[in-house]
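# Examining the three-dimensional arrangement
Single-letter residue listing:
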Amino acid sequence: GLTGIITKVKLQLQHLPSDKIKIVPKKAYSLKDAIQIIQENKNADIVYSWHNGSTSMDFEKGIVRVGTFEKDYNIRERIFPEKTVKLRRTKFPKSFWGGTKTSIINSFVRNIELKKGASIKNIYEGFFPFTQNAKLYYFLYGKNGFRAYQVLISNEHVNEFIDDLIQLIKKYSADITIIGIKPFRGEQKFLQFCRNGVSIILEMKNSRNNTNFLAKLDELTITYDGLPYIIKDSRLPKNVVEKCYPQFKEFQKVLDKIDPDRIFTSHISKQLEL
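The sections below set out a description of the structure shown in this document.

What counts and what doesn't
- Residues numbered from 1 in each chain as written.
- Predicted model: local features only at pLDDT ≥ 70, side-chain atom pairs only at ≥ 80, totals over all residues.
- Heavy atoms only, no water.
- Helix = DSSP H or I, 4+ residues; strand = E, 2+ residues; numbered from the N terminus.
- Buried < 20%, exposed > 50% of the residue type's maximum accessible area, 1.4 Å probe, protein only.
- Contact = heavy atoms within 4.5 Å.
- Lys, Arg positive; Asp, Glu negative; His and termini not counted.
- Charge placed at Lys NZ, Arg CZ, Asp CG, Glu CD.
- Expected span 1.5 Å × (residues − 1).
- Arc of directions from axis to C-beta.
- Pairing = 2+ DSSP bridges.
- Axes fitted to C-alpha atoms, helices over the stretch in contact; angles between N-to-C directions.
- Parallel < 35°, antiparallel > 145°, perpendicular 65-115°, else oblique.
- Left-handed = near helix turned anticlockwise from the far one by under 90°.
- Core = buried A, V, L, I, M, F, W, Y, C linked by side-chain atoms within 4.5 Å.
- Salt bridge = Lys/Arg side-chain N within 4 Å of Asp/Glu carboxyl O.

### Quick notes on the overall build of the protein
Broken down by element type, the protein carries nine helices and eight strands. Principal-axis analysis of the C-alpha atoms gives the protein an extent of 55 × 50 × 45 Å. Out of the 274 residues belonging to the protein, those deemed buried represent 42%. In the protein, 76% of the contacts between residues at least 6 apart in sequence involve partners at least 24 apart. Across the protein, the mean location of the 45 positive side-chain charges is 7 Å away from that of the 29 negative side-chain charges.

Here it is in structure tokens:
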């Protein structure tokens, strides 16, 4: 929203094959195992993975979800839920997530999903499987909240990055809840989070130890020419963004030209001195 107010939009629509999608869970023993499964299913309509982030037990184990559209439509069935989830600031005193509890719950959910096998979902549930359960998940992070770090790594560097990421997590005893992986495709420009490669997201409780870990993760991201997702991380320093986004200064020049008085600002834009 830093470049002005959008007053008119023209949408290019694509044909939707069905309002149903078949989701097949595939067992992944590690992050690199998931990368391989994702690459093998790169032509699927949906493919992504989630993994246990706690090193206490079953670290890295997860599920790759592969989705393909069904045929035809069921126009009588409601796609969107009647009530949308509203997230509010929690008063839960301390984070429930952490250590062995995280591992046990993630392993339990993983085993149930694998045992259940393939399932047919409407497109809302298929594309946004976590939405309806988000309220409880984030509530349990406690009053200090949580942190998320999402980075986009090129395909040629992703395996090396994952090796160093795992070592970093273990070295700093990072207390991570969930790790997610998604394939990405597109052309990067200015401060857009877009590139051909793999997106890796880590969600964790907000603690001093995890903040120290994230500072080291910034260095790792720079080493592998990664793109950190700016809007996911409120503590992301300006020098990291400048090093990771090659058109950072060009974007500043654009803002100088179209908004010299900086009428449009945000917390992040002030932090990055845009």
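### A closer look at helix H2 (residues 99-116)
With 18 residues, H2 should reach 26 Å at 1.5 Å per residue; the first-to-last C-alpha distance of 26 Å fits that figure. Listing the buried residues of H2 in full gives Thr102, Ser103, Asn106, Ser107, Arg110 and Glu113. One side of H2 carries all its buried residues, which in axial view fall inside an arc of 130 degrees. Of the exposed residues in H2, those oriented more than 90 degrees away from the buried face are Phe108, Lys115 and Lys116. Close packing links the buried residues of H2 with strand E1 (20-28), strand E2 (46-52), strand E3 (62-69) and strand E6 (176-184).

### Focus: the sheet that holds strand E4 (residues 119-122)
The strand order across the open sheet formed by eight strands is E4-E1-E3-E2-E6-E7-E5-E8, and the pairing between neighbours is antiparallel. Bordering the open sheet on either side are E4 and strand E8 (227-228), each of which pairs with just one other strand.

### Concerning the packing of helix H5 (residues 158-171) against helix H6 (residues 208-223)
Packing of H5 against H6 brings their axes to within 11 Å, and their N-to-C directions diverge by 160 degrees. As the angle between them shows, H5 and H6 are arranged roughly antiparallel. Every pair of crossing elements has a handedness; the one defined by H5 and H6 is right-handed. On the side of H5, the interface is formed by Phe161, Asp164, Leu165, Leu168 and Ile169, while H6 contributes Phe213, Lys216, Leu217, Leu220 and Thr221.

### Considerations on the side chain of Asp218
Among the structural elements, Asp218 can be located in helix H6. When sequence neighbours within four positions are dropped, the list of residues in contact with Asp218 reads Tyr149, Arg235, Leu236, Pro237 and Val240.

### Side note on H5
Taking 1.5 Å per residue, 14 residues should reach 20 Å; H5 reaches 20 Å between its end C-alpha atoms and fits that length. Within H5, burial applies to Val158, Phe161, Ile162, Leu165, Ile166, Leu168 and Ile169. Each buried residue of H5 lies within a common arc of 165 degrees when the element is viewed along its axis, so the set occupies one face. Looking at H5, the residues exposed on the side facing more than 90 degrees away from the buried face are Gln167, Lys170 and Lys171. Packing partners of the buried residues in H5 comprise helix H1 (31-40), strand E5 (146-153), E6, strand E7 (197-205) and H6. Ser173 sits one or two residues past H5 and shows a positive phi near 50 degrees.

### Concerning the nonpolar core
Residues Phe161, Leu165, Ile169, Ile200, Leu202, Phe213 and Leu217 are the most contacted members of the largest nonpolar core, which totals 49 residues. Per element, the largest residue contribution to this core is seven residues, and it comes from H5. Of all hydrophobic cores here, the second largest spans seven residues; its members include Trp50, Ile63, Tyr137 and Ile178.

### So, the pattern of salt bridges
Going through the model one piece at a time under the given rule, you end up with 10 salt bridges. With a shortest N-O distance of 2.7 Å, Arg65 and Glu113 are connected by a salt bridge. Taken as a pair, Arg65 in strand E3 and Glu113 in helix H2 lie far apart in primary sequence, 48 residues in all. Taken individually, Arg65 and Glu113 each receive the classification buried, so the pair is uniform in this respect. With a shortest N-O distance of 2.8 Å, Asp256 and Arg262 are connected by a salt bridge. For Asp256, a relative accessible area of 45% puts it in the partly exposed group. By relative accessible area, which is 23% here, Arg262 ends up partly exposed. Each of Asp218, Asp233 and Arg235 takes part in salt bridges that share partners, so that together they form one network.

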